Amino acid sequence: MQGLKILGTGSYTPELTVTNDDMAKIVDTNDEWIKTRTGMSVRHYNNGEPSWYMGTMASKQAIEAAGISPEDIGLIIDTTITPDFHTPSTACMVQREIGAIGSIAMDINAACSGFVYGFDMARRYLMTDESIKYALVVANEDLTKLVDFQDRGSCILFGDGAAAVIVELSEGMFTSFIGADGNGTKYLFARAAVPQNPFITDRKKYSDGMPEGRDQYLFQDGREVYKFATKALPNAALKAAEKIGLDINDVDVFIPHQANIRIIETAAKNMGVSMDKFFVNLHEHGNTSSASIPIALDDAIRTGRVKRGDKICLVGFGAGLTYAAAIFEY
Ligand code: COA
């Protein structure tokens, strides 16, 4: 089977930290509520660093860890819901900064499942185009620019950051299960800029079915997302394993989307897998959307939790509503 070998990983975590007590200064909340309901303690906010900058720093680290030359990167997939520009893509910005000129470069948006979508996509490109030697999959999120700091139910959850991997095709096990349910678009969204075209006469004609809210901030129906997540997460992992007849308990380490410790615990229980197999670092980062899984992966590799030969399951869910799992050998 054609697998995907991770040659190097990297991450970027902004220095600015915001504790639960800091959150309590701006909304009616407290450390105990946040810890018990989410498991989170600290999140990192960018202090002016743009998405492309965070992605670049993470990519440079991944390139160094892989020991490759940036000119040999043939594909850059940047996953983000918080690009700095509508155009050019963040991938082109990162490409410019790392010096991988000539590679394919594009952004994809699958929200918090984005990195797993991108990881899977990289393999498909590598399998169909022999001229691509290495691919860079980088996730960068400046989520705090979307966060509604008047909504205590959501603002406490999110943080900023980036992470990247350099991959190449190699013999090995690989399976994925990826999808979306657009019926859930209304449960988690942030509206794009409202058109300023002065000739529009009927802005309200085309209803998008989204609830009215504070436009351009992230809206979240926490309970609906929670319900979806606790089903989608185990389902994606199990379906990916099933595709190749793998027993889910043969996975050595699960790197789940770091959205809420209760979601991860429920998913583990529903899958019949011990929580010990789940790598969790959300207490230090909060939810960094598509960057959350690769930040955790980089953390798990650098701290020795993930070792060469381990079977890894990356599994996430997010706005869309999307879900994605990929199982491979590290
Ligand atoms: N501090 C204190 N109280 C809070 C609070 C906060 N930060 N946020 C909400 N509350 C209150 C609510 O107002 C509610 O009060 P009420 O009972 O008086 O109405 C109470 O806590 C319970 O709210 P509820 O929404 O039922 O809490 P919950 O246990 O479902 O936890 C979330 C809320 C957001 C943590 C949880 O629903 C969740 O994690 N959802 C998924 C979110 C997610 O993963 N998003 C990203 C997806 S990629």
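Residues numbered from 1 in each chain as written. Predicted model: local features only at pLDDT ≥ 70, side-chain atom pairs only at ≥ 80, totals over all residues. Heavy atoms only, no water.

Considering the site of the ligand
Put simply, the rule is: To be near a molecule or strand, a residue needs just one of its heavy atoms within 4 Å of it. Identification of polar contacts relies on pairs of N or O atoms within 3.5 Å, with a donor-acceptor requirement for protein atoms, meaning one able to donate a hydrogen and the other able to accept it, and with residues adjacent in sequence counted only if both atoms are side-chain atoms. Only the protein chains shown count as cover for residues, and the accessible areas themselves come from Shrake-Rupley with a 1.4 Å probe. Using a 1 Å grid laid over the protein atoms alone, points where a 1.4 Å probe fits but cannot get out form a cavity; open sets with protein on both sides within 12 Å along at least 5 of 7 lines form a pocket; any residue with an atom within 4 Å of a point counts as lining. To qualify as sitting in a cavity or pocket, a molecule needs more than half of its atoms within 2 Å of the grid points. Secondary structure elements follow DSSP: runs of H or I of four or more residues count as helices, runs of E of two or more count as strands, with numbering from the N terminus. Note on residue classes: Ala, Val, Leu, Ile, Met, Phe, Trp, Tyr, Cys and Pro are nonpolar, Asp, Glu, Lys and Arg are charged, and everything else, Gly too, is polar. Residue ranges labeled as domains rest on an automatic or database domain assignment.
The local shell around the ligand holds 23 residues, among which Thr29, Arg37, Gln220, Arg223 and Asn260 are the closest. A distance of 2.8 Å separates a nitrogen atom of the ligand from a polar atom in the side chain of Gln220. Here Asn260 contributes a side-chain N or O atom positioned 2.7 Å from an oxygen atom of the ligand. Starting from 960 Å² of accessible surface for the ligand in isolation, the protein chains cover 76%. Using a 2 Å cut-off from the grid points, one finds that the ligand occupies the largest pocket. Sorting elements by how many residues they give to the shell around the ligand places helix H7 (residues 222-243) first, with 4 residues. Residues of the shell around the ligand, tallied by class, amount to 9 nonpolar, 9 polar and 5 charged. Inspection of the shell around the ligand shows a minimum of three residues originating in each of domain 1 (2-173) and domain 2 (175-196 + 207-329).

Let's talk about empty space enclosed by the protein
Under the convention used in this document: Grid points are joined across faces, edges and corners, and a volume is the space filled by probe spheres set on the points.
Following the criterion strictly, the structure yields 1 cavity of 30 Å³ or more and no others. Taken as a whole, the largest cavity spans an internal volume of roughly 50 Å³. The wall of the largest cavity is formed by Phe189, Pro211, Glu212, Gly213, Arg214, Asp215, Gln216, Tyr217 and Phe219.

A closer look at the packing of helix H3 (residues 51-66) against helix H4 (residues 90-98)
Selection rule: Interaxial angle, 0 to 180 degrees, is taken between N-to-C directions of lines fitted to C-alpha atoms, where a helix line uses only the stretch in contact. These descriptions rest on fixed angle ranges, namely under 35 degrees for roughly parallel, over 145 for roughly antiparallel, 65 to 115 for roughly perpendicular, and the rest for oblique. Crossings are assigned a handedness: left-handed for a near helix turned anticlockwise from the far helix by less than a right angle, right-handed for a clockwise turn. Note on definitions: a residue-residue contact is assigned when non-hydrogen atoms from the two residues lie within 4.5 Å.
Between H3 and H4, whose axes approach to 9 Å, the crossing angle comes to 50°. It follows from the interaxial angle that H3 and H4 lie oblique. Here H3 and H4 pass one another in a crossing that is right-handed. Along the contact surface, H3 presents Trp52, Gly55, Thr56, Ser59, Lys60 and Ile63, while H4 presents Thr90, Met93, Val94, Glu97 and Ile98. Of the residues contributing to the contact of H3 with H4, the split by class is 5 nonpolar, 4 polar and 2 charged.

Scope: geometric values only; no functional claims are made or implied.
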